[in-house]
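Reading the structure
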Amino acid sequence: MEDMCSGRTEETEDETVESTTTQYPMETIKQLQAEAENSGSELRKARHISSWKIGIVFAVPGALSLIFAILNDSQSLAFIGLGLTFWGALFFFVRPIRYVKSSLLDSTAMSLYSTIDRIVKDLKYKGTLASYYIPPYPKDVYLPEHLRGLKDMIVFISADRNADMPSIVEVAESKFLFENPRGICVAPPGLGLLIQFEKELRIDITRLELSELCESLPPLLLENFQLAKEIEMKTEKNQVHLKIVDSIYKNLYSREENLKSIHFLGCPLVSAMACAIAKTTGKLVKIHRDRISPDGQTIEVWCRFTEG
Amino acid sequence: MRFPLSISDISLWLAVTAVILLTASELLSSSTDVVIEKKGLRLVALALGIGFMITVIVRVFQPI
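Since the structure is predicted, the reported quantities are computational estimates derived from the model, not experimental observations. (Residues numbered from 1 in each chain as written. Chains lettered and ligands numbered in written order. Predicted model: local features only at pLDDT ≥ 70, side-chain atom pairs only at ≥ 80, totals over all residues.)

**Re the sheet that holds strand β6 (residues 239-245) of chain A**
Residue and element names in this part refer to chain A.
- The sheet built from 8 strands is open, its strands ordered β3-β4-β2-β1-β7-β8-β6-β5 with antiparallel pairing. Each edge of the open sheet is held by one strand with a lone partner, namely β3 (177-178) and β5 (230-236).
- With 5 bridges joining them, strand β1 (residues 130-134) and strand β2 (residues 154-158) adopt antiparallel strand pairing. Opposite Y132, over in β2, you have F156 as the bridge partner.
- Sitting on the sheet, helix α6 (residues 210-225) is in contact with β5 and β6, with an inclination near 175 degrees to β5.
- In the packing of helix α8 (residues 268-281) onto the sheet, contacts are made with β1, β6, β7 (284-292) and β8 (298-306), and the angle to β7 comes to roughly 150 degrees. (Pairing = 2+ DSSP bridges. Helix = DSSP H or I, 4+ residues; strand = E, 2+ residues; numbered from the N terminus. Contact = placed C-beta atoms within 7 Å. Axes fitted to C-alpha atoms, helices over the stretch in contact; angles between N-to-C directions.)

**Some details on the environment of R42 of chain B**
Residue and element names in this part refer to chain B.
- Along the polypeptide, R42 turns up in helix α2 (residues 38-61).
- For R42, a count of 18 C-beta atoms within 10 Å translates into the label partly exposed.
- Put simply, R42 and A18 are 24 residues apart on the chain and 9.6 Å apart in space, counted from C-alpha to C-alpha. (Buried ≥ 20, exposed ≤ 12 C-beta atoms within 10 Å, placed from the backbone.)

**With respect to the interface of chain A and chain B**
- Counting residues at the interface gives 18 residues for chain A and 13 residues for chain B.
- For the side of chain A that touches chain B, the secondary-structure elements that each account for two or more residues are α1 (2-72) and α2 (75-93) of chain A.
- The element that contributes the greatest number of residues to the side of chain A that touches chain B is α2 of chain A, accounting for 7 residues.
- Here the residues of the side of chain A that touches chain B sort into 13 nonpolar, 3 polar and 2 charged. (Nonpolar A, V, L, I, M, F, W, Y, C, P; charged D, E, K, R; others polar.)

**Considering the nonpolar core**
- Of all hydrophobic cores here, the largest spans 54 residues; its most connected members are L269, M273 and A274 of chain A.
- The biggest single contributor to this core is α8 of chain A, with 9 residues.
- Excluding residues that lie within four positions of it along the chain, M273 of chain A makes contacts with L217 and L242 of chain A.
- A78 of chain A together with L14, L48 and F52 of chain B belong to the second-largest nonpolar core, a separate cluster that totals 18 residues. (Core = buried A, V, L, I, M, F, W, Y, C linked by C-beta atoms within 7 Å.)

**What to know about helix α3 (residues 102-122) of chain A**
Residues and elements named next belong to chain A.
- A rise of 1.5 Å per residue sets the reference length of α3, with its 21 residues, at 30 Å; its end C-alpha atoms lie 31 Å apart and thus fit the reference within 8%.
- When we look at burial in α3, the residues that qualify are D106, A109, Y113 and I116.
- The elements touched by buried residues of α3 are β4 (183-186), α7 (261-265) and α8.
- The first or second residue beyond α3 is K124, which carries a positive phi of 60 degrees. (Expected span 1.5 Å × (residues − 1).)

As far as function goes, none of this settles anything; it's purely spatial.
Have a look at this one:
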């Protein structure tokens, strides 16, 4: 009996030791997380307030100076007042934008490519895979209810490089897995970017000619979004050649990540451009091949049109 | 009690401020390190430039 009791007490002691050893780090982690959240919100507050504070510091003396200038009929005070009020108003108006580190962008995109890699591996697709960007029907075109799925931009990842495309009915049903031809349909990784481009630039890509798109899209992307240092978009025979220097998504192509889907889907920027080409031409667009410079700075992609 | 600045004073002030802001917005347009709304800055600079042009037109039609 004594042995049993001592055995139980040892067990309970072990449990308590174990629970205290696990509890302590858990509590510390929770405490640290709370501290990090608090310091983050304080930092955000401090950053947000700063421009307002500077604005008030300029605007209040400026307004006072203007009032005194009118009361005392002083020209120099009026100039000072005008200047201070104006700069105060400018600080209210031209506030800092919230930026995030570019490394965060590719780390958030990473999970999508890993998931597609896992799906492709699980489905045992062997050989070279190909992706086809399927252009959506324009939004203003009427389609019956059962064909509404055709208005979504999708990319078909085909298990066979030279296989046929799935039927319109299957695509309209928003199916994910296709048996004949074998493949999967997913939303393009760059679709969100393309929607953002169209929204901010206020352009409807479907109304552009391909030559117009090649001329206008790269400077717009560079000036408004700074997603790369240099973007070239050239039409060649039956294909478009994209050259992107110092893209913010360049790390996705690195050998350490070893992502396979990035080569047939393209990084979010390439994918967005492929979506734009598909929308403009109304043809299927295939990422035919890509080439990464040894230093990883330059990404070249050839997007080929194919008839659906 | 009246505002102590004449139209020519305001015109001069607008011109100087517009030049400063336009130069700043042009210099900042290529820089990625400064995190402010560059479009907003350019808009304000252009608005001031237009303001200056209006004062010039006023002075053309009503020379003092």
